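Structural features, examined
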Amino acid sequence: MDWMRLDNAAKIFPAVRRRDWSNVFRLSATLREPVDPAVLQEAVDALFPRFPSMMVSLRKGAFWFYLQKLPRAPRVQPDRACPLAHMSGRELSQCALRVLYYHNRIAVEFFHAITDGSGGLIFLKSLTAEYLARLHGLQVPAARGVLRPGDAPTREELEDSFPKAAGSVTMSRKEPSSLRLRGSREPGGFLHLTVATLSSEALLALAHEHGCTVTSLLTAVMLQAILDVAPGNQGRRWAKVTVPVNLRKFFGSQTLRNFSLMVNVGVDPRLGSYTLPELCKAVQSQLDSQLSRQQMAARVAANVNPERNILMKLAPLPLKNLVLRLVYRAVGESKGTLCISNLGNTQLPPELEPFVDCLDFIIGPQITYFHNCSVLSYGGKVRINLIRSTRLPDLERSFLTRLVQLGLEVTVESNEG
């Protein structure tokens, strides 16, 4: 197949992209030795036919954007000083991902229209496995999320799973808007990145002490930090964190394309102050009430059903883009203060573990909220990547200080030296 339709979730990203913002995320593996760019290019070339849904460019049709198969594998590039540099329309029309290297690090940056974090992690694992196999003569099995180049892509990997998951009942998208964090934007699109490393075991034990998951604990601490730094009176707006949900575990999908949904959890600051145990309980309760197969199917239906409308199908692309922008403005970013995306604890085949020090996941700031947080655990370490497009580090300082006050040992590094 030389081209593919965008999946249901992907359609929003080209429509809302701007000259100074594109929805890009990064996954990276830090090795225990310098990266050889020539061998990395060989690995990309070998994986080119294995990932046809990612080795694509973004093209514009009369009625929809679509993904065009690349004629050849993308070239690997030296990494930049600033992560998640804007992907221009020109760049996207040539390739919708970047493969980067810097010292010991292999990184892949994805335009969100081609995949989500879970799909991207499989690509990174497969690329790292193929690179190390070629460099060290390893025999790496197709296990723990690694796909080998000799295997053919399956139909399930390439499908848009949203239509299958849509339920017969549509859930309303109405909910309170969220308060916004202000700040002076950095010129030139520079993004400040702060990386916190802590023990997976210690963080999990602390979450269990509070009767919640790691995601719920980090969300509760982030809500405390948001309330610490938020401007005084923002009317009736809640403090809310957006949490992406991997739908594969609900519907048994094997797709490598987008298959996740966002849910928002939070509290109303007008009701008074909140202790951490109260926030953990509130967040866990809200997630438990929303994260069921039935609820997810109803949420998917709310996204899938409008595109089945005959008028929407026949509308020209500029009109579709206008509608999607209005929908995004009404029920997208306005409902959350920032996002915490946790890909959880991941493993690599044992053959790779001696060579890989850590894995990282970074999501960029959005159009109207200037901070984001992403989490990935590997090898007993949790890596929390905090990114912002504003100048002052008030939110990160409050969040990390609170983690330390909870008794966690936190190592911090940043791209500011």
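Quantities reported herein were computed from a predicted structural model and do not represent experimental measurements.

1. So, the nonpolar core
Within the largest apolar cluster, 132 residues are counted, with the highest numbers of intra-cluster contacts made by Leu127, Met222, Ile384 and Phe399. Those residues in contact with Met222 that lie beyond four places of it in its chain are Val241, Leu338, Ile340, Cys373, Leu386, Leu395 and Phe399.

2. Notes on helix 7 (residues 200–209)
Among all positions in helix 7, only Ser200, Leu203, Leu206 and Ala207 are buried. Down the axis of helix 7, the smallest arc covering the buried residues is 135 degrees, so these residues share one side. Projecting away from the buried face of helix 7 at angles above 90 degrees are the exposed residues Glu201, His208 and Glu209. Its side-chain oxygen 3.3 Å from the backbone nitrogen of Glu201, Ser199 forms the N-cap of helix 7. Once helix 7 finishes, Gly211 follows within two positions and takes phi at roughly 65 degrees, a positive value.

3. What about the sheet that holds strand 4 (residues 65–69)?
What the three strands build is an open sheet, ordered 1-4-3; its pairing is antiparallel. Strand pairing shows two members of the sheet lacking a second neighbour, strand 1 (3–5) and strand 3 (56–60), which therefore form its edges. Recorded for the sheet is a direction-independent mean angle of 35 degrees between the axes of neighbouring strands. Note that strand 1 and strand 4 share three bridges and pair antiparallel. By the bridge assignment for strand 4, Trp3 is matched with Gln68.

4. Looking at unusual backbone geometry
The phi torsion of most residues other than glycine is negative, and most of the peptide bonds are trans. Of note, Leu84 is a non-glycine position whose phi angle comes to about 60 degrees, a positive value. With respect to the helices and strands, the residue Leu84 is situated in the loop between strand 5 (77–78) and helix 3 (89–92).

Quick notes on the rules
Residue positions are given per chain, counting from 1 as you read along its sequence in written order. With the structure being a predicted model, the display of local features is reserved for residues of pLDDT at least 70 and the display and counting of side-chain atom pairs for 80 or more, all residues being used for whole-chain, interface and lining totals. Computation of side-chain values: all heavy atoms of the structure, hydrogens and water removed. We call a set of buried residues a nonpolar core when its members are Ala, Val, Leu, Ile, Met, Phe, Trp, Tyr or Cys and they connect through side-chain atoms within 4.5 Å of each other. Relative accessible area decides the class of each residue, using a 1.4 Å probe on protein chains only: under 20% of the type maximum gives buried, over 50% gives exposed, and in between gives partly exposed. The contact rule is simple, with two residues in contact once any of their heavy atoms fall within 4.5 Å. Helix and strand assignments come from DSSP, with helices taken as H or I runs of at least 4 residues and strands as E runs of at least 2, each series counted from the N terminus. For this quantity, the arc is that covered by the directions from the helix axis to the C-beta atoms. Under the rule applied, a polar contact is a pair of N or O atoms within 3.5 Å (in protein, one hydrogen donor and one hydrogen acceptor; residues adjacent in sequence only if both atoms are side-chain atoms). Being paired, for any two strands, means DSSP has found at least two bridges between them. Axis definition: a line fitted to C-alpha atoms, over the contacting stretch in the case of helices. Angles run 0 to 180 degrees between N-to-C directions.

Fair warning: the whole summary comes from geometry, so function is off the table for now.
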